[in-house]
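# Summary of the model geometry
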Amino acid sequence: MRAYVRVCPCRGGLELLVGGQKKLSVDVPGESVSVGMLIDWIRRNLITERHELFVQGDSIRPGVLVLINDSDWELEGTTAYDVASGDQICFISTLHGG
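Counting from 1, residues in each chain are numbered in the order their sequence is written. Only residues with pLDDT of at least 70 are given local features in this predicted model, and only at 80 or more are side-chain atom pairs given and counted; all residues enter the totals for whole chains, interfaces and linings. In computing side-chain properties, one takes all heavy atoms of the structure into account and sets aside hydrogens as well as water.

Attention now moves to the overall build of the chain. Helix numbering and strand numbering both begin at the N terminus, where a helix is a DSSP run of H or I of at least 4 residues and a strand a DSSP run of E of at least 2. Within the chain, the secondary structure is distributed over two helices and nine strands. For every residue, the accessible area obtained with a 1.4 Å probe (protein chains only) is divided by the maximum for its type, and the residue is called buried under 20%, exposed over 50%, and partly exposed between those limits. Going through the 98 residues of the chain one by one, you find that 38% of them count as buried. A sequence separation of at least 24 residues applies to 57% of the contacts in the chain between residues at least 6 apart. With an accessible surface of roughly 5600 Å², the chain has 48% of that area assigned to carbon and sulfur atoms. Should any heavy atoms of two residues lie within 4.5 Å, those residues are considered in contact. Only the protein chains shown count as cover for residues, with accessible areas throughout obtained via the Shrake-Rupley method and a probe of 1.4 Å.

See the structure below:
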């Protein structure tokens, strides 16, 4: 299965957690992949340090907006949403220094 994951640029620095990449295409193993599984896969395979800036417990940390095909993930079922081939998942940090 191929899930397209976009880490939005200039939105609080989340792209720095994945080596500065602003758009990623990833193959996540499994027939059915939920957003929760995708988040865990990103944490284990793409983020090498400072995991706490991306996840808290089994979900995204507060302050990170998640969009599924440009729609708020809370409208789609949050971590339970089943990712379809070609979906765009965008993670935007709303936290910044001041």
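For the rest of this paragraph, the subject is the packing of aromatic side chains. Any two rings among Phe, Tyr and Trp, with Trp reduced to its six-membered ring, count as a pair given centres within 6.5 Å; such a pair is stacked if its planes are under 30 degrees apart, edge-to-face if over 60, and tilted if neither. Across all of its chains, the model carries one aromatic pair by this definition. For the pair phenylalanine 54 and phenylalanine 91, a centre-to-centre distance of 5.0 Å together with 70° between the ring planes defines the contact as edge-to-face. With phenylalanine 54 in the loop between α1 (35-45) and β4 (55-56) and phenylalanine 91 in strand β9 (residues 88-93), this residue pair connects regions lying 37 residues apart in the sequence. Given a relative accessible area of 4%, phenylalanine 54 falls into the buried group.

Before going further, it helps to examine the nonpolar core. With 24 residues, the main nonpolar core has Leu38, Ile39, Phe54, Ile60 and Phe91 as its most contacted residues. Elements that contribute at least two residues to this core include exactly β2 (23-27), α1, β6 (64-68) and β9. Examining the composition of this core, we find that five residues originate from one element, α1, more than from any other. Residues belong to one nonpolar core when they are buried, are Ala, Val, Leu, Ile, Met, Phe, Trp, Tyr or Cys, and are joined through side-chain atoms within 4.5 Å.

One non-glycine residue, aspartate 70, lies in the positive phi region at around 65°. Take aspartate 70: it is sitting in the loop between β6 and β7 (71-72). Since its relative accessible area comes to 62%, aspartate 70 is described here as exposed. Non-glycine residue threonine 78 carries a positive phi angle of around 50°. Its location among the elements puts threonine 78 in the loop between α2 (73-76) and β8 (82-83). Since its relative accessible area comes to 27%, threonine 78 is described here as partly exposed.

Quick look at the environment of phenylalanine 91 now. Accessibility expressed as a relative area gives 1% for phenylalanine 91, which makes it buried. Measuring from C-alpha to C-alpha, the distance between phenylalanine 91 and isoleucine 60 comes to 9.1 Å, with 31 residues separating the pair along the chain.

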